[in-house]
Amino acid sequence: MVSTFLSYDLVNRDLYTSLNRVAKQPEVSREADYYEANIAKVKTVDEFMENDRLYNYAMKAFGLGEMTYAKAFMQKVLESDLSDETSFANRLSDSRYRQFAAAFNFNNTSSAVAQTSNQMDDVIGLYSATMDAKEESVSVEAGYFNAMMGTITSVDQLLSDDRLRSYMFTAYGLDETYYSRDFLKGVLTSDTSDANSYINQNLKPSKDELTAANADLQAKVDASDDPDERISLRNQIFANEKTLSTIEQYYKLADAFQFNADGTVPTGGAQTSDQSKATYELYLSNQTRVSTTTATNEDTYFKSKIGSVTKIEDLSTDSRLYNYITKAFDLDGVVWSNIESALKSDLNDTSSAVYTLAAEKPGLLELAKAFNFASDGTVAAGSAQTAQQQETTSNYYFSRYDDTQDEADEQAALLYKTAMTDVTSVDDFLSKPNAYEFALKAVGLDPSQVSTFTLRQVLTSDLNDTKSFVYTLGDDRYLQLAKAFNFGKDGKTTSPVIAQTTATITSIGSAYTIQQTRLLKGTELTSAQTKAKEEVSYYSKQMVEIETASQFLSDSRLVNVLLTSYGVDPKDVSSDFLKQVFSSDLLDPNSFVNQQKDGVWAEILGSFNFDKSGNVSRNVNTGVQSQGKIIEIENKYNRQTLEEQQGEANPGVRLALYFERMSPKITSAYDILGDTALLEFFRVSYSLPESFSNMDVDKQAALVEKYMTLSDLKDSDKVAKMISKFTALYDQQNSSASSSALSILNGTGAASGISADLLYSLSQR
């Protein structure tokens, strides 16, 4: 009779060949083909459970064959939300049920939604970053303009530089969308005092005509008693004034440069220092956001003017000084009379107006302390503020100048979140300005410059098709916008496209935690749990951001979590090997990943939603089960079948194979006690009587820890020695033809299953 160890070794020595032999068996191959062909057709739990061949195949793969009758129980398992610790599957002590639930996407938390919470946070974060960049660009563009103007030798050179031209348009409030280069050149080379210059020949007639027309229109307004007519006339006046304002800006633009009539630059340069300074001031004043550069400029202006202030009215008549003090002392919305009263108050008299006013607006007291006006509102020149008061005012200004802007940004983000709550289609999105304007600004697009048609086409583009509309625009901002939402070609919301399903990410996190904490105790366990929690959190957050396989592989923390969760030591795997795995085609039997003896690599690759090019795709793993899980189930089914067939000849071989497979998953003595096959392996290994199982659970656990050094389970060589010892003792104890081991593994006999008392006891731990 062949020994148990020899039989085990013949199978396990070349497990790849042994499993391939099983996979090629007609019945096994037929069931695998059926499963692959039909699992993709399943849409619901009911459909899955009604198909006995699919259901039984999967149940056997996870070693749950004895539970196929309990369909109501298994349905609750499959419908469990594994991200919820209190869900049904998570409350069961047997990890096989959680693994079974994780193999399917029946409880897919990635349901159709316009934006996931992560996508929304990304858009809001991007908005903040874009606004910051916009503010920082003010200084950059101003520096560029001032530096380059010294090198300009002709008007053509100026107009050919996009950045200089944009700066110039912004400074003078002109629309850059549509402009005539020849017209602009004519304006810039004009002398506004010369009646024959280009600008006077082309714009003055219109200016004079519109001015006269407005005078006539105003006369008609004054003479009319008809309200509707007066409104119509005023609308015409407004339209004319708008055109006149634009003409006036062109005149200011002409006066801001000193190009010769032929477009060349005079000896003094394209601009004088005064012209350059005026252009800079206008550029800052026309910014839609207050930047540090603007604030610094306003601070400089305040300090240059405060020495000449001799009365309170000087602060109100100069709009820049007024805006400065209202920002510095948080006085937005405070009427001027209260500001004036505060500045005239006697700070030594607690009954003076400022103390009463400051009860509602503390900034008024800060203001009064920062100036030295007399009760009549006057002050000697140069005495409005001391150096210390000026410094205090400046500090207040820099700490508050953008408070209103920050509050507006926070409000915009809140309104965006609110608007997105009930968006179920592109039409919904486009009907909410608080939503689409915020999103466009976040990616750096001007809402007034993007048509509804373009926006709709972008949001319904297929990101996996490089010929789709969004790619034809050649603008990464639109691509970034499209990726921020989950709209299908029909304009309705779809499931978000992420590298792995939420269920897979959760399953990997759970497996990683187990691997990192198994068999540890005390402070060592606590430390490992903390570290594992950090890594799992990182994995969960980063995976929703991954867009390509190369991006994933470049993050060693993500790779380490993934490999560890599958029982692979990251140190044993090279980056080149992983690149070959992730560039493989799972559907090609000759691809690199399918040539590996260890099927785990195909399982790993199949858990991702990467297409052949390594990009995240909506068209990968679209069913209730990913390709990786299908491969995993087939591998598990083949392994189960191998163990069963070996058990028919020698139950001890099946027990040895089972222990070798399960040893990496054992986390405590109770895992052994809760599994009848592992318990039998342990009992035989240490020559314990069958009555051992009748002892108190805690006493059984104590004996397991006494006889077996559980930490040895982490060492494959020591596991091999345990199996060698088991097979020798098994042959010694089972010399007769019959054995209780077979009934244990087949789930029959008095010793099969887990007692109700044991299950209850284990569930309380």
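Our subject is the structure listed above.
So, how was this worked out
- Residues numbered from 1 in each chain as written.
- Predicted model: local features only at pLDDT ≥ 70, side-chain atom pairs only at ≥ 80, totals over all residues.
- Heavy atoms only, no water.
- Core = buried A, V, L, I, M, F, W, Y, C linked by side-chain atoms within 4.5 Å.
- Buried < 20%, exposed > 50% of the residue type's maximum accessible area, 1.4 Å probe, protein only.
- Helix = DSSP H or I, 4+ residues; strand = E, 2+ residues; numbered from the N terminus.
- Contact = heavy atoms within 4.5 Å.
- Polar contact = N/O pair within 3.5 Å; in protein donor to acceptor, adjacent residues only side chain to side chain.
- Axes fitted to C-alpha atoms, helices over the stretch in contact; angles between N-to-C directions.
- Parallel < 35°, antiparallel > 145°, perpendicular 65-115°, else oblique.
- Nonpolar A, V, L, I, M, F, W, Y, C, P; charged D, E, K, R; others polar.
- Expected span 1.5 Å × (residues − 1).
- Left-handed = near helix turned anticlockwise from the far one by under 90°.
- Patch = residues over 30% accessible without salt bridge, like charges linked within 9 Å, V, L, I, M, F, W, Y side chains within 5 Å.
- Areas by Shrake-Rupley, 256 points an atom, 1.4 Å probe, with all protein chains shown as cover.
- Salt bridge = Lys/Arg side-chain N within 4 Å of Asp/Glu carboxyl O.

### Section: the nonpolar core
In this structure, Phe48, Phe100 and Phe104 are the most contacted members of the largest nonpolar core, which totals 75 residues. Sorting elements by how many residues they give to this core places helix H37 (residues 651–662) first, with 7 residues. Those residues within four positions of Phe100 in sequence are excluded, and the remaining contacts are Phe48, Ala58, Met59, Phe62, Leu64, Met74, Val77 and Leu78. Core analysis: the second largest hydrophobic core is formed by 35 residues, Ala142, Leu188, Leu253 and Tyr283 among them.

### Observations concerning the side chain of Gln625
Take Gln625: it is sitting in the loop between helix H35 (600–606) and helix H36 (627–649). At 3.0 Å, the side chain of Gln625 and the backbone oxygen of Ala103 are in polar contact. Contacts of Gln625, omitting those with residues within four sequence positions, involve Tyr35, Ile39, Ala103, Phe104, Asn105, Ile630 and Ile633.

### Points about the packing of helix H19 (residues 319–328) against helix H23 (residues 387–400)
Interaxial distance between H19 and H23 falls to 7 Å at its minimum, and their mutual angle equals 80°. Here H23 runs roughly perpendicular to H19, going by the angle between their axes. Between H19 and H23, the residues in contact are Tyr324, Lys327 and Ala328 and Thr393, Ser394, Tyr396, Tyr397 and Arg400, respectively. Residue composition of the contact of H19 with H23, by class: 4 nonpolar, 2 polar and 2 charged.

### Some details on helix H30 (residues 502–517)
An ideal rise of 1.5 Å per residue puts 22 Å on 16 residues; H30 measures up with 23 Å between its terminal C-alpha atoms. What H30 keeps buried is the set Ala503, Thr504, Ile505, Ile508, Gly509, Tyr512 and Thr517. Where H30 is buried, its residues contact helix H31 (522–543) and helix H33 (556–565). After H30 finishes, the residue Leu519 shows a positive phi value of roughly 70°.

### Side note on unusual backbone geometry
Of note, the phi angle at Leu519 is positive, near 70°, even though the residue is not glycine. If you trace the backbone, Leu519 turns up in the loop between H30 and H31.

### Focus on the packing of helix H9 (residues 117–149) against helix H16 (residues 273–285)
Packed helices, taken two at a time, are described by the angle between their axes plus the distance between the axes. At a minimum axis separation of 11 Å, H9 and H16 run at an interaxial angle of 160°. Comparing their axes, H16 and H9 come out roughly antiparallel. For the pair H9 and H16, the crossing hand works out as right-handed. Note on element contacts: H16 touches H9 through Ser276, Thr279, Tyr280, Tyr283 and Leu284, opposite Ser137, Val138, Glu141, Ala142, Phe145 and Asn146.

### As for a nonpolar patch on the surface
A cluster of nonpolar side chains, namely Val2, Leu6 and Leu10, defines an oily patch on the protein surface of about 270 Å² accessible area. With respect to the helices, strands and loops of the structure, Val2 is situated in the segment before helix H1 (4–12).

### Quick notes on the pattern of salt bridges
Inspection of every chain in the model, using the stated rule, returns 38 salt bridges. One salt bridge in this structure joins Arg320 and Glu281, with 3.1 Å as the shortest N-O distance. Residue Arg320 is found in helix H19, and its partner Glu281 is found in helix H16; the two are separated by 39 residues along the sequence. With a relative accessible area of 23%, Arg320 lands in the partly exposed category. The shortest N-O distance in the salt bridge between Glu643 and Arg661 comes to 2.8 Å.

### Concerning the side chain of Asn650
Note that Asn650 resides in the loop between H36 and H37. A polar side-chain atom of Asn650 sits 3.1 Å from a polar atom in the side chain of Thr4. At 2.8 Å, the side chain of Asn650 forms a polar contact with the backbone nitrogen of Gly652. Ignoring sequence-local partners within four residues, the contact set of Asn650 consists of Thr4 and Tyr730.

### Quick word on the environment of Thr292
Looking at the element boundaries, Thr292 is found in helix H17 (residues 292–305). Accessibility expressed as a relative area gives 48% for Thr292, which makes it partly exposed. Through-space distance from the C-alpha of Thr292 to that of Asp402 is 8.9 Å; in sequence the pair is 110 residues apart. A polar contact of 3.3 Å, which involves the side chain of Thr292, links it to the side chain of Tyr401.

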